Amino acid sequence: MADRVTVIGWDGSPLTAAARAALGAATLVAGAAHHLALPEVPPTAERIRLGSLALAARRIAAHRGTAVVLADGDPGFFGVVRTLRAPEFGLEVEVVPAVSSVAAAFARAGMPWDDAHVVVAHPRTLRRAVNVCRAHTKVAVLTSPGAGPAELGLLLDGIHRTFVICEELGTGREQVTVVTSDKAADHTWRDPNVVIVIGGPAGAQEGGGWIAGRGPGAGPRGWTLPPEAYDGEPGEGETELLRAAQLARLGPRVGDLVWDIGCGSGAFATEAARAGAAVIAVDRDLGACARTDAAARRFAVQLQVVHGTAPHVLENLPEPDVVRVGGGGAAVVSAVADRRPQRIVTHAATRDAAELIGRDLTEHGYEVECALLQSVELDTRAWTEKERSVAFLLSGVLPDRAS
């Protein structure tokens, strides 16, 4: 095992005395090509050009001597420190930090970033990063080859965002460009880069918050809100208790894309967005689309409203993680199941309708649960019945995508 491992962050500014001392004593230096070209790297030191972090960590662990790892920005923030400290390598490291690329990007843009989400986009995580950009008003994206500004812009089709693209921060080739998301694919961007994605109404923390990233919602507490929170009375299949059960079964979270088909008053779509998920709300009725858009604005959440009739309108929508089918019956449920989301939830008014939907979900490979939900609202002044509702709640979970 290496006698000593020092991780040095580099932001383009001159190295500190501590960093220079560590480099001067190094018998092995690992880093990107521009790091290994620094004049402070000892000519006699073994050099490792970083590609696979795991392979580099194994070589460092096997090295007898003093090792230094150079990394851009703050190596403890989505950086190499996590890999080097993994139990399988057993490395104890000292860290000489620098300004993170995210902090540098926001500084170049002249913007605060305590209210920003920060995500890493690799080809395997790009869709989830895009969903965060759909759902939130300020996001910093640490990109990678194949998951850069052009790909972000293409996957945000139909959603207007402004990109602040910071290329090669801290180098002589540093460049900051502001474009709209629909124009990002028209350019070729240099790696590494950070993309600040901005759009939508001002967040709840404007003027100062107390927690980094997305703070607790500014609206009333509760997974679901009472009917008076929305314009008009929610329709059939939108009762507060049914929505609460549907939210519990779907479990929407940050990074997810939720489809709400038959969005009605917009209550469920708004509540899923309040949970941090990206939401596409679909309805064939223009009035329902307008009510959903108004509800989203009232509670300062981001969602996309699509006017059209399911299942045909679903064909060009991006892949969902979880779906609520509020209208359309078995035909729409079947079309949704063809897209293989992790979870589907819907309701039925009769047992026959519930059986038809349940069989279809089973045939698509879903594990199906069905419960008869009955709620009775009481007037607590006289403890008399005010309203009664009954519905069959159906949910399907795809076993190979259950998490």
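Check the entry above for the structure.
The following refers to the structure shown. (Residues numbered from 1 in each chain as written. Predicted model: local features only at pLDDT ≥ 70, side-chain atom pairs only at ≥ 80, totals over all residues. Heavy atoms only, no water.)

## Focus on the sheet that holds strand S2 (residues 28-31)
Basically, it comes down to this: Should DSSP find at least two bridges between two strands, the strands are regarded as paired. In this text, helices come from DSSP runs of H or I with a minimum length of four residues, and strands from runs of E with a minimum of two, each type numbered from the N-terminal end. Axis definition: a line fit to C-alpha positions, over the contact stretch in the case of helices; interaxial angles, taken between N-to-C directions, run 0 to 180 degrees. Throughout, a residue-residue contact means that at least one pair of heavy atoms, one from each residue, lies within 4.5 Å.
Here we have 5 strands laid out as an open sheet, ordered S3-S2-S4-S1-S5, and parallel in their pairing. Edge positions in the sheet fall to strand S3 (46-49) and strand S5 (93-96), since each has one partner strand and no second. Averaged over neighbouring strand pairs, the angle between their axes works out to 20 degrees when direction is ignored. Inspection of the sheet shows S2 paired to strand S4 (residues 66-72) by 3 bridges, in the parallel sense. When the bridges of S4 are listed, Ala-30 appears paired with Val-69. Its contacts with the sheet place helix H1 (residues 17-24) against strand S1 (4-10), S2, S4 and S5, and it is angled at close to 135 degrees to S1. Each of S1, S2, S3 and S4 is contacted by helix H3 (residues 53-62), which is oriented at about 160 degrees to S3, the strand it contacts most.

## Comments concerning the side chain of Thr-270
Filter applied, for reference: Pairs of N or O atoms within 3.5 Å make up the polar contacts considered here, provided that, within protein, one atom can donate a hydrogen while the other can accept it, and that residues adjacent in sequence are counted only when both atoms are side-chain atoms.
Here Thr-270 lies in helix H9 (residues 267-274). In this structure the side chain of Thr-270 is engaged in a polar contact, spanning 2.8 Å, whose partner is the backbone oxygen of Gly-266. Those residues within four positions of Thr-270 in sequence are excluded, and the remaining contacts are Tyr-230, Ala-295, Ala-296, Phe-299, Val-301 and Leu-303.

## With respect to the side chain of Thr-177
Locating Thr-177 in the fold gives a position in strand S9 (residues 175-180). Residues within four places of Thr-177 in sequence aside, it is in contact with Phe-163, Val-164, Ile-165, Glu-167 and Trp-189.

## A short note on the pairing of strand S14 (residues 322-325)
Quick note on the threshold: For every residue, the accessible area obtained with a 1.4 Å probe (protein chains only) is divided by the maximum for its type, and the residue is called buried under 20%, exposed over 50%, and partly exposed between those limits.
Burial along S14 is two-sided: the residues Val-322 and Arg-324 and Val-323 and Val-325 are all buried. In the sheet, strand S11 (residues 257-261) pairs with S14 via 4 bridges, with the strands oriented parallel. Note on S14: the bridge partner recorded for Val-258 is Val-322. The pairing of S14 with strand S15 (residues 343-348) spans 4 bridges and is parallel. By the bridge assignment, Val-325 is partnered in S15 with Thr-346.

## Let's talk about a nonpolar patch on the surface
The cut-off we apply is this: Patches here are clusters of residues that have more than 30% relative accessible area and form no salt bridge, with a 9 Å joining cutoff for like charges and a 5 Å cutoff for nonpolar side chains (Val, Leu, Ile, Met, Phe, Trp, Tyr). Computed with a 1.4 Å probe, the accessible areas rest on the Shrake-Rupley method; for each residue, only the protein chains presented here act as cover. We define a salt bridge as a contact between a side-chain nitrogen of Lys or Arg and a carboxyl oxygen of Asp or Glu at a distance within 4 Å.
Side chains of Val-376, Leu-378 and Trp-383 sit close together on the surface and give an oily, nonpolar patch of about 310 Å² of accessible area. With respect to the secondary-structure elements, Trp-383 resides in the loop between strand S16 (367-379) and strand S17 (384-397). For Trp-383, a relative accessible area of 61% translates into the label exposed.

## A short note on the sheet that holds strand S13 (residues 304-307)
Spatial strand order, S13-S12-S11-S14-S15-S17-S16: 7 strands in an open sheet with mixed pairing. Of all strands in the sheet, those with a lone pairing partner are S13 and S16, marking the two edges. The mean angle between the axes of side-by-side strands here comes to 20 degrees, regardless of whether they run parallel or antiparallel. Pairing of S15 with S17, which is carried by 6 bridges, proceeds in the antiparallel orientation. Counted as the bridge partner of Ala-348 is Phe-392 from S17.

## Focus on the nonpolar core
Note the cut-off: Only buried Ala, Val, Leu, Ile, Met, Phe, Trp, Tyr and Cys residues count toward a nonpolar core, and they belong to the same one when joined by side-chain atoms within 4.5 Å.
Trp-259, Ile-261, Leu-314, Val-325 and Val-336 are the most contacted members of the largest nonpolar core, which has 27 residues in total. When residues of this core are traced back to their parent elements, those giving at least two are S11, strand S12 (278-283), S14, helix H11 (329-337), S15, helix H12 (351-363) and S17. Per-element tally for this core: the top contributor is H11, with 4 residues. Those residues in contact with Ile-261 that lie beyond four places of it in its chain are Val-282, Ala-310, Leu-314, Val-323, Arg-324, Val-325, Gly-326, Gly-327, Val-332 and Val-336.

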